[in-house]
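# Remarks on the overall topology
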Amino acid sequence: MQFKIIEALTSGPPMPPINRFIGELFKFPAAIVLLFLLISAFGGPPAGVLDNTHAAVQAVMAVQGEVTPELMQQPGILGTAVGVDAADVPVLSVYVDRDAANAGEVVRNLPRELRGVGVQVHLTDKFRAMAHTAKQTPPIQLGTSGGWSKDLANGFCCGGTLGSLVKIGSTQYILSNYHVFESDIVSGGNGIVATTGDPIIQPGLIDVNCSANGAQTVGTLVKKSSLPGSNVDCAIAQVVSGMVRTDGAILEIGTISNTTVGAFINQAVKKSGRTTGLTRSLVSGLNATVSVAYDNECAGGAAFTKTFTGQIVIANSGSKFLNSGDSGSLMVEDVTTSPRAVGLLFAGSSTSAIANPIGQVLNFLGATMVGGGLSTGSSVRADFNGDGKSDILWQDNSTGQRVIWLMNGTAYQSWVDLGTVPTSWNIVGSGDFNGDGKTDILWQDNSTGQRVIWLMNGTAYQSWVDLGTVPTTWSIRNY
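Residues numbered from 1 in each chain as written. Predicted model: local features only at pLDDT ≥ 70, side-chain atom pairs only at ≥ 80, totals over all residues. Heavy atoms only, no water.

## Topic: the confidence of the model for the chain
For the chain, per-residue confidence averages 81 on the pLDDT scale, and residues scoring 70 or more make up 84% of the total. Residue range residues 1-47 is modelled with pLDDT below 50. Its contacts to residues more than four positions away, or to other chains, number 212 contacts. Across residues 373-378, where pLDDT falls below 50, the model places 29 contacts with residues more than four positions away in sequence or in other chains. (pLDDT = per-residue confidence, 0-100. Contact = heavy atoms within 4.5 Å.)

As structure tokens, then:
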């Protein structure tokens, strides 16, 4: 399942981009996904979330476990999942290959119920590995076209998405997919292989007529060789100084949180990628088992087949959420400000997309997300009452309420209500701005670009200072 795309490399005018999974030009992971999607548990899920502690979900999972082996023996059935119907009632989802010769017969023969559990049929094509294409003025934002500067072979050139920014220690890296940065492992069609130190460019070759001279180097490859040995399709490039925004801003999303969040069914998510730009969808399944075939270079031969486990499935009707060229995009929760990372997108079909859970990716790399500001329901630590101990400043982005928790070390003591403000305003930091030895609060209005400081007297608001208005593409980094 690859989302790289390819374009003919000719001496005359370039041919239109050709999707890598059209016709016989499969290079990248052409995959049949065995969607044994069992709902994963996440600690402390929000009320109403359909995880594996929900009785209705458990009932479907029990039936799924009993009937899936027999279903999978039928030609044309690609897999099963625990999903939901239009009323959000858990059902058994069955994925049927719409291109199979017997697709109609398979659908007709599937019952409406199995042992008291509703059955929902999803016609889909096989899952395969998969616009922001313009050359940016540095420092660039991510969620943009990019890739390995030498990713051309066999008459084609390739590209994907520079997804997000991570750090290992104090060093920043661009995060994308293995199959976007380093999947060239043979010297066949181009006489070279991907090597640490190779340039990573923006835009990718696919968007500059297959000539790296039309792009700019924004990073240098640091080979991690996540595949075939690990459970994630990821790769990184060390940032070239001054070429990438240090706050990790993503096109049309802005600055994200430096924290992450687990996936759950019906979770609203969004991504920004090379081909489809900013798109939104819902998580439709968890804990997927996915078998993916990888090529050994751009438009090359078979390299290996990898079976992933524990993956996230996202609704992708008509490839509107994720399409060829979007590989490497970061999937985040769909909130207005400082969204938290959920997964790294790497594969899909015209009905479903697949993402590595971001925690698995970061654990493999030994990395953390780079971000600024606060995510919904998150906090800033500062000493508001002057007792020498950190307190916690909370914001609820759904209601606009802001409160301070006064702490005694790790023990909560009491809270102070700062009132409710319009939800477009977000707390982005705190510090002693006027030198009176007391913590003040830094705000930004993400709808207008206005920035202000609340000058505080302990936990009591005194006055405010207007920092003026700047374009909303600029974000204050949390500190």
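Next comes the rest of the description.
## Side note on helix α1 (residues 55-72)
The terminal C-alpha atoms of α1 lie 25 Å apart, and with 18 residues this matches the ideal 26 Å at 1.5 Å per residue to within 8%. Largest kink in α1: about 40 degrees, centred on Glu-66, with the proline Pro-69 one to four residues after it. All of the buried residues in α1 are Val-57, Val-60, Val-63, Gln-64, Val-67, Thr-68 and Leu-71. (Helix = DSSP H or I, 4+ residues; strand = E, 2+ residues; numbered from the N terminus. Expected span 1.5 Å × (residues − 1). Bend = angle between axes of the 7 residues up to and from the residue. Buried < 20%, exposed > 50% of the residue type's maximum accessible area, 1.4 Å probe, protein only.)

## Looking at unusual backbone geometry
A cis amide bond links Gln-202 to the next residue, Pro-203, at an omega of -5 degrees. Structurally, Pro-203 is set in the loop between β14 (199-202) and β15 (216-222). With omega at 10 degrees, the peptide bond leading from Leu-227 into Pro-228 counts as cis. Look at Asp-88: it is not a glycine, yet its phi comes out positive at around 65 degrees. On the secondary structure map, Asp-88 appears in the loop between β5 (77-84) and β6 (90-97).

## Details of the environment of Gln-267
Along the polypeptide, Gln-267 turns up in the loop between β16 (235-239) and β17 (268-273). The class of Gln-267 is buried, set by a relative accessible area of 3%. When the C-alpha positions of Gln-267 and Glu-333 are compared, they lie 7.5 Å apart, and in sequence the two are 66 residues distant.

## Some words on the sheet that holds strand β30 (residues 450-457)
With antiparallel pairing, 4 strands are arranged side by side in an open sheet as β28-β29-β30-β31. Single-partner strands in this sheet number two, and they are β28 (425-431) and β31 (460-469). Strand-to-strand twist of the sheet, defined as the mean angle between neighbouring strand axes without regard to direction, takes the value 25 degrees. The sheet contact formed by strand β29 (residues 440-445) and β30 spans 4 bridges and is antiparallel. Each bridged residue has a counterpart across the sheet, and for Leu-442 the counterpart in β30 is Ile-453. (Pairing = 2+ DSSP bridges. Axes fitted to C-alpha atoms, helices over the stretch in contact; angles between N-to-C directions.)

## Here's the deal with the nonpolar core
Grouped together as the largest cluster of nonpolar side chains are 38 residues, with contacts concentrated most on Leu-175, Phe-181 and Val-244. Secondary-structure elements contributing two or more residues to this core are β12 (164-168), β13 (171-176), α3 (178-181), β15, β16, β20 (330-333), β21 (341-348) and α4 (358-365). Counting residues in hydrophobic clusters, the runner-up holds 32 residues, among them Ile-77, Ile-312, Ile-314 and Val-342. (Core = buried A, V, L, I, M, F, W, Y, C linked by side-chain atoms within 4.5 Å.)

## Some thoughts on the pattern of salt bridges
One pass over the structure, following the stated rule, counts 7 salt bridges. Here Asp-247 makes a salt bridge to Arg-245, at a shortest N to O gap of 2.8 Å. Assessed through its relative accessible area of 6%, Asp-247 is described here as buried. Residues Asp-334 and Lys-270 are paired through a salt bridge, measuring 3.9 Å at the closest nitrogen-oxygen approach. Here the residue Asp-334 occupies a position in the loop between β20 and β21, and Lys-270 occupies one in strand β17, the gap between them amounting to 64 residues. Using a relative accessible area of 3% as the deciding quantity, one classes Lys-270 as buried. (Salt bridge = Lys/Arg side-chain N within 4 Å of Asp/Glu carboxyl O.)

## Details of the state of the cysteines
For the structure shown, the criterion picks out 2 disulfides. Paired through a disulfide, Cys-157 and Cys-210 show a sulfur-sulfur distance of 2.1 Å. Given an S-S torsion of about -65 degrees, the disulfide between Cys-157 and Cys-210 has left-handed geometry. Linking Cys-157 in strand β11 (residues 156-162) with Cys-210 in the loop between β14 and β15, this pair joins segments that are 53 residues apart in sequence. A relative accessible area of 0% means that Cys-157 is categorised as buried. Overall, Cys-210 belongs to the buried group, its relative accessible area being 8%. Paired by a disulfide, Cys-158 and Cys-298 hold their sulfur atoms 2.0 Å apart. Measuring the twist about the S-S bond at about 85 degrees, one finds the Cys-158-Cys-298 disulfide to be right-handed. With Cys-158 in strand β11 and Cys-298 in the loop between β18 (277-295) and β19 (302-315), the pair connects residues that are 140 residues apart, well separated along the chain. (Disulfide = S-S within 2.5 Å.)

## Brief notes about the environment of Gly-160
With respect to the secondary-structure elements, Gly-160 resides in strand β11. Given the relative accessible area of 1%, Gly-160 is considered buried. As for Gly-160 and Leu-205, which are separated by 45 residues in sequence, their C-alpha atoms are 9.2 Å apart. Not counting the four nearest positions on each side in its chain, Gly-160 is found in contact with Thr-144, Ser-145, Gly-146, Val-180, Arg-274, Gly-325 and Ser-327.

## Considering the pairing of β14
Pairing analysis gives 2 bridges linking strand β9 (residues 144-148) to β14, with the strands arranged antiparallel. Bridging from a neighbouring strand, Trp-148 pairs with Ile-200 of β14. Sheet analysis places β14 next to β15, joined by 4 bridges and oriented antiparallel. Looking at β15, one finds that Pro-199 is bridged to Thr-220.

## Regarding a nonpolar patch on the surface
Residues Trp-405, Tyr-412 and Trp-415 make up a contiguous nonpolar surface patch of roughly 330 Å² in combined accessible area. Summarising the element assignment, Trp-415 is placed in strand β27 (residues 411-420). (Patch = residues over 30% accessible without salt bridge, like charges linked within 9 Å, V, L, I, M, F, W, Y side chains within 5 Å. Areas by Shrake-Rupley, 256 points an atom, 1.4 Å probe, with all protein chains shown as cover.)

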